[in-house]
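Each chain is listed here by its residues.
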Amino acid sequence: MDLTFSPSFVLPYLPALLRGLYMTLLLSILCISIGLVFGFAVGLMRNGTNRIAYACSTIFVEFFRGTPVLIQLFWIFFCLPVLLNVEIGPFVSATIALSLYMTALASEAFRSALLSIGSEQNDAVLALGLPRRVSLLHVILPQAFLRALPNLLSNSVTLFKESALVSAVGITDLMFQGEIISSATARPIEVLTTVAAMYFAVGFPLTQIVSLVERRVLRRMAI
Amino acid sequence: MVSGSRQIPAAPGPASSVADAGGAGSAGQSAEGEDRLPATQPFVEIRNLRKSYARGAIPVLKGVGDTMSKTDRLVILGPSGGGKSTLLRCVMGLETIDSGAITLDGRNYIECLSNGRTFVDRTVQRQVGMVFQHYTLFPHLTVLGNLILAPVKRNGEKKGAAIARAEALLSRFGLISKLKSYPSQLSGGQKQRVAIARALMLEPKLMLFDEVTSALDPELIAEVESMISELAEGGMPMMIVTHDMGFAKNIATKVLFCADGVVMESGDPETFFAAPKIKRTRDFLASILRGTKV
Ligand SMILES: Nc1ncnc2c1ncn2[C@@H]1O[C@H](COP(=O)(O)OP(=O)(O)OP(=O)(O)O)[C@@H](O)[C@H]1O
Ligand SMILES: [Mg+2]
């Protein structure tokens with residue numbers, strides 16, 4: 001193995017790495033979107049009065065928060081197809097696993113956000129005679145979303161980083177491409193450093209957006 | 001009294017269940033038409049209202065009854081915990097009740113049915129507006145957004161028309177410069193004035209004010225009270241809970257003293273403040289004058 005560090009060495013491999021980054025982003029955005037929608041629903045169930053819905057959602061959330069993402073991924077990739085007796089490809093199993101994980105994270109953010117909306121908002125809704133649909137859509141959801149936004153953004157960064165695990169089931173994401181190229185060329189220093197830099201280039205601005213949102217948007221609305 | 005337009009079971013007979021509250025002597029009148037009422041017909045009538053929290057464990061209103069006419073501004077006074085807020089919340093239709101009924105303009109719109117459930121006629125309830133002690137503006141909407149939400153989303157009013165009405169209302173009350181501000185950018189007094197304007201957007205026939213100046217710094221109280229006075233001059237019937245005796249004396253056409261969940265005394269403000277009939281009222285007024293909380 002050549003121990004000299006020559007950054008220009010990775011240039012020919014950049015297109016392959018960028019394809020990997022594209023896959024990483026695609027998977028992350030897909031799973032974050034799915035997780036946000038289901039996360040809001042699960043968050044409502046966790047705050048609701050229906051005991052069965054509460055119990056199911058609580059078990060779900062605690063399970064996915066309390067086990068390693070890698071085992072969730074492997075379980076869905078290896079065990080679920082056997083149990084259901086169907087073929088599940090790597091991309092679909094990775095999407096299912098990460099979406100469920102994001103759902104669990106997002107539901108916690110929504111749950112505490114919903115809890116923090118004071119009862120005086122409900123007084124206002126009732127005194128104005130707003131129908132339930134209007135109050136959910138125009139009063140509760142926007143406030144819950146804004147209050148949950150900092151947590152949701154940092155959950156999204158977590159998911160983006162954790163998504164590197166999907167290389168273990170053969171998804172050609174950024175991590176996967178990095179591993180292949182680094183072992184094929186025996187140049188791990190250049191290649192893996194580049195991969196880390198590419199993750200950072202996406203992740204760091206995202207964490208900055210979190211604090212920007214906290215400072216600007218949320219303060220103006222005093223949420 | 002039977003309200004002509006409702007299909008709900010009739011309320012108990014005239015005045016039979018009215019907890020003695022020294023109310024107007026018109027309770028025996030029966031409404032024939034639903035809109036044209038005899039002049040003696042009370043505008044609002046509360047009959048034998050009982051309300052408890054925690055499934056009866058905390059009785060709060062223990063048979064409240066009173067009336068107000070269309071020209072009245074009813075000021076409700078009383079010690080803390082006496083049930084004033086609960087009474088207004090019941091009139092607004094925010095609470096379930098354990099017995100009794102409330103009538104607006106001759107229509108029974110809140111009533112405890114024989115099966116114990118609370119009936120609320122939403123079309124009548126919508127004619128009542130309420131402003132609370134705590135700030136209830138929607139923090140994620142601008143002043144304009146707060147004003148037009150209910151007219152547009154509830155009543156289906158055209159957005160342009162609602163905006164025009166909101167602008168007119170805000171100009172009238174000196175708030176037009178705050179049109180695009182968020183609630184967090186307003187002072188407490190401005191927040192309460194916007195909350196009043198938001199309620200006015202729905203063109204209520206009756207306004208309820210529950211200690212709307214209690215959370216305010218002293219220098220901000222006047223602007224809110226003068227807005228309420230302006231509405232009063234415009235002929236808006238209202239029920240006001242306040243601890244501000246000066247304001248109460250100025251605005252009241254009728255005073256109701258509410259303590260321990262019952263109406264202890266009610267009548268015209270001159271008599272009430274100058275010569276209260278019962279000792280409890282005298283003690284209350286004296287303690288207010290001394291500046292101590294009861
Ligand atoms: N949601 C509730 N659950 C249980 N008890 C309640 C609730 N709301 C009010 N109460 C109780 O009902 C009683 C009357 O309360 P209410 O708020 O109507 O009094 P108030 O006359 O408005 O007092 P204040 O002057 O302090 O505002 C109090 O003892 C209060 O603790
Ligand atoms: Mg109160």
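The structure this text deals with has already been given above.
Residues numbered from 1 in each chain as written. Chains lettered and ligands numbered in written order. Predicted model: local features only at pLDDT ≥ 70, side-chain atom pairs only at ≥ 80, totals over all residues. Heavy atoms only, no water.

Asks: For this particular structure, what's the right way to read the overall build of chain A?
Replies: The number of helices and strands found in chain A is 8 helices and 0 strands. Of the regular secondary structure in chain A, the N- to C-terminal order runs α-α-α-α-α-α-α-α. By principal-axis analysis of the C-alpha atoms, chain A measures approximately 75 × 50 × 25 Å. When burial is assessed residue by residue, chain A has 44% of its 223 residues classed as buried. A sequence separation of at least 24 residues applies to 79% of the contacts in chain A between residues at least 6 apart. In chain A, 14 side chains carry a positive charge and 11 a negative one; their mean positions are 12 Å apart. (Helix = DSSP H or I, 4+ residues; strand = E, 2+ residues; numbered from the N terminus. Buried < 20%, exposed > 50% of the residue type's maximum accessible area, 1.4 Å probe, protein only. Contact = heavy atoms within 4.5 Å. Lys, Arg positive; Asp, Glu negative; His and termini not counted. Charge placed at Lys NZ, Arg CZ, Asp CG, Glu CD.)

Asks: How should I be thinking about the site of ligand 1 in this particular structure?
Replies: All names here are of chain B. Surrounding ligand 1, one finds 13 residues, the nearest of these being S80, G81, K84, S85 and T86. G83 places a polar main-chain atom, nitrogen or oxygen, 2.9 Å from an oxygen atom of ligand 1. Between ligand 1 and K84, the relevant distance is 2.8 Å, taken from an oxygen atom to a side-chain nitrogen or oxygen of the residue. In the complex, 61% of the free accessible area of ligand 1, which totals 630 Å², lies under the protein chains. Elements with a contribution of two residues or more to the shell around ligand 1: β2 (58-68) and α1 (84-92). With 3 residues, α1 is the single largest residue contributor to the shell around ligand 1. Classifying every residue of the shell around ligand 1 gives 4 nonpolar, 7 polar and 2 charged. (Near = heavy atom within 4 Å. Polar contact = N/O pair within 3.5 Å; in protein donor to acceptor, adjacent residues only side chain to side chain. Areas by Shrake-Rupley, 256 points an atom, 1.4 Å probe, with all protein chains shown as cover. Nonpolar A, V, L, I, M, F, W, Y, C, P; charged D, E, K, R; others polar.)

Asks: Looking at this structure, I do not really get helix α3 (residues 69-84) of chain A. What am I missing?
Replies: Given 3.6 residues per helical turn, the α-helix brings residues three or four places apart onto the same face. Residues and elements named next belong to chain A. Along its 16 residues, α3 runs 21 Å from first to last C-alpha, staying within 8% of the 22 Å computed at 1.5 Å per residue. Roughly 35° is the biggest bend found in α3, and it falls at I76. The inward-facing, buried residues of α3 contact α2 (51-66), α4 (90-116) and α6 (132-162). After α3 finishes, the residue N85 shows a positive phi value of roughly 60°. (Expected span 1.5 Å × (residues − 1). Bend = angle between axes of the 7 residues up to and from the residue.)

Asks: Help me out: how do you make sense of the pairing of strand β11 (residues 262-267) of chain B in this one?
Replies: Note on strand geometry: in a regular strand, side chains alternate between the two faces of the sheet. All names here are of chain B. By the bridge criterion, 5 bridges tie strand β10 (residues 254-259) to β11 in an arrangement that is antiparallel. By the bridge assignment for β11, F257 is matched with E265. Here β10 folds back onto β11, and the loop between the two strands holds 2 residues, one of which, D260, carries a positive phi near 50°. (Pairing = 2+ DSSP bridges.)

Asks: How should I be thinking about the environment of I117 of chain A in this particular structure?
Replies: Residue and element names in this part refer to chain A. Take I117: it is sitting in the loop between α4 and α5 (119-127). Residue class for I117 comes out buried when judged on its relative accessible area of 12%. Measuring from C-alpha to C-alpha, the distance between I117 and R147 comes to 8.8 Å, with 30 residues separating the pair along the chain. Other than its neighbours up to four places away in sequence, I117 contacts I140, Q143, A144 and R147.

Asks: Honestly, the packing of aromatic side chains in this entry has me stumped. Any pointers?
Replies: Here a ring pair, both rings aromatic, is described through the centre-centre distance and the interplanar angle of the planes. Residue and element names in this part refer to chain A. Applying the stated criterion across every chain, the model contains 11 aromatic pairs over all chains. Ring geometry for F40 versus F110: centroids 5.1 Å apart, planes at 80°, classification edge-to-face. Separated by 70 residues along the polypeptide, F40 in helix α1 (residues 14-47) and F110 in helix α4 bring together distant segments of the chain. For F110, a relative accessible area of 2% puts it in the buried group. (Phe/Tyr/Trp six-rings, centres within 6.5 Å; stacked < 30°, edge-to-face > 60°.)

Asks: How should helix α4 (residues 159-172) of chain B be read in this particular structure?
Replies: Residues and elements named next belong to chain B. The end-to-end C-alpha distance of α4, which contains 14 residues, comes to 20 Å, matching closely the 20 Å that a straight helix rising 1.5 Å per residue would cover. Looking only at α4, the buried set comprises A162, A166, L169 and L170. The buried residues of α4 occupy one face: seen down the axis, they fall within an arc of 95°. Residues of α4 that are buried in the fold lie against α3 (143-154) and α5 (188-200). (Arc of directions from axis to C-beta.)

Asks: How should the nonpolar core be read in this particular structure?
Replies: The nonpolar side chains of a soluble globular protein tend to be buried, and buried together. Residues and elements named next belong to chain B. Core analysis: the largest hydrophobic core is formed by 50 residues, its most contacted members being L77, I196, F209, I228 and M238. When residues are assigned to domains, this core turns out to be shared by domain 1 (23-29 + 41-127 + 206-294) and domain 2 (138-204), each giving three or more. The contact partners of M238, leaving out residues within four places of it in the chain, are M68, D72, R73, L74, L206, M207, F209, I228, L231, A232 and I251. Among the nonpolar cores identified, the runner-up in size contains 35 residues, and L87, V91, Y109 and C112 belong to it. (Core = buried A, V, L, I, M, F, W, Y, C linked by side-chain atoms within 4.5 Å. Domains from an automatic or database assignment.)

Asks: Looking at this structure, I do not really get the interface of chain A and chain B. What am I missing?
Replies: It is common to report an interface's size as the accessible area lost on association of the parts. Each partner contributes to the interface: chain A provides 22 residues, whereas chain B provides 24 residues. For the pairing of chain A and chain B, the buried interface totals around 1,900 Å² over both sides, and the portion due to carbon and sulfur atoms is 67%. Our count for the contact surface shared by chain A and chain B stands at 1 salt bridge. On the surface where chain A and chain B come into contact, there are 6 residue pairs in polar contact (both at pLDDT 80 or more). Sorting the residues of the side of chain A that touches chain B by element identifies α5, α6 and α8 (188-220) of chain A as the ones contributing at least two each. (Buried area = accessible area lost by both parts, 1.4 Å probe. Salt bridge = Lys/Arg side-chain N within 4 Å of Asp/Glu carboxyl O.)

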